[in-house]
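# Analysis of the macromolecular model
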Amino acid sequence: KLSQVAGVAGEGADRTYLVTLCEGKRHQVKCMVNAVSGGANRVVALHRSRVGGLVLDEAALPAGAWRLLTEEEVRRLDGAPTAAEERRG
């Protein structure tokens, strides 16, 4: 599936990349960074900001904490129409 990687900040070994994956495989991000940097950079940290249509909000849920998903979030992850989509018809 289509993936995208773009350098967004920094220079050389301190370069920061924004990576968008449609479906991640084992070590795919490391391989992509290695490919675009010519082996000059390595992955130091990863941050997941979204899973499917579910945005992960660190301000609302700090690292290590958890909560149950709402019915709407479960529907979104399952690919079922959300309540708003059903109202639009």
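Residues numbered from 1 in each chain as written. Predicted model: local features only at pLDDT ≥ 70, side-chain atom pairs only at ≥ 80, totals over all residues. Heavy atoms only, no water.

A few words on the pairing of strand E2 (residues 16–20). By the bridge criterion, five bridges tie strand E1 (residues 4–9) to E2 in an arrangement that is antiparallel. By the bridge assignment for E2, Gly7 is matched with Tyr17. Connecting the antiparallel pair E1 and E2 is a turn made up of six residues, with Gly10 showing a positive phi of about 80 degrees. (Pairing = 2+ DSSP bridges. Helix = DSSP H or I, 4+ residues; strand = E, 2+ residues; numbered from the N terminus.)

A few words on the confidence of the model for the protein chain. Per-residue pLDDT for the protein chain averages 79, and the proportion of residues at 70 or more is 87%. The lowest-confidence element of the protein chain is helix H3 (residues 83–88), averaging 65 in pLDDT; the highest-confidence one is helix H2 (residues 71–78), averaging 86. (pLDDT = per-residue confidence, 0-100.)

What follows is about the layout of surface pockets. By volume, the largest pocket amounts to about 1000 Å³. Every residue lining the largest pocket is counted, 28 residues in all, and those nearest its centre are Val19, Val29, Leu46, His47 and Arg48. At the level of elements, E2, helix H1 (28–37) and strand E3 (50–51) are the ones that each hand at least two residues to the lining of the largest pocket. The element that contributes the greatest number of residues to the lining of the largest pocket is E2, accounting for five residues. (1 Å grid on protein atoms, 1.4 Å probe; cavity = no way out; pocket = protein on both sides within 12 Å on 5 of 7 lines; lining within 4 Å. Points joined across faces, edges and corners; volume = space filled by probe spheres on them.)

Going through the model one piece at a time under the given rule, you end up with one salt bridge. Put simply, Arg67 and Glu73 hold a salt bridge, and the shortest N to O gap is 2.6 Å. On the accessibility criterion, Glu73 (10% relative accessible area) is buried. (Salt bridge = Lys/Arg side-chain N within 4 Å of Asp/Glu carboxyl O. Buried < 20%, exposed > 50% of the residue type's maximum accessible area, 1.4 Å probe, protein only.)

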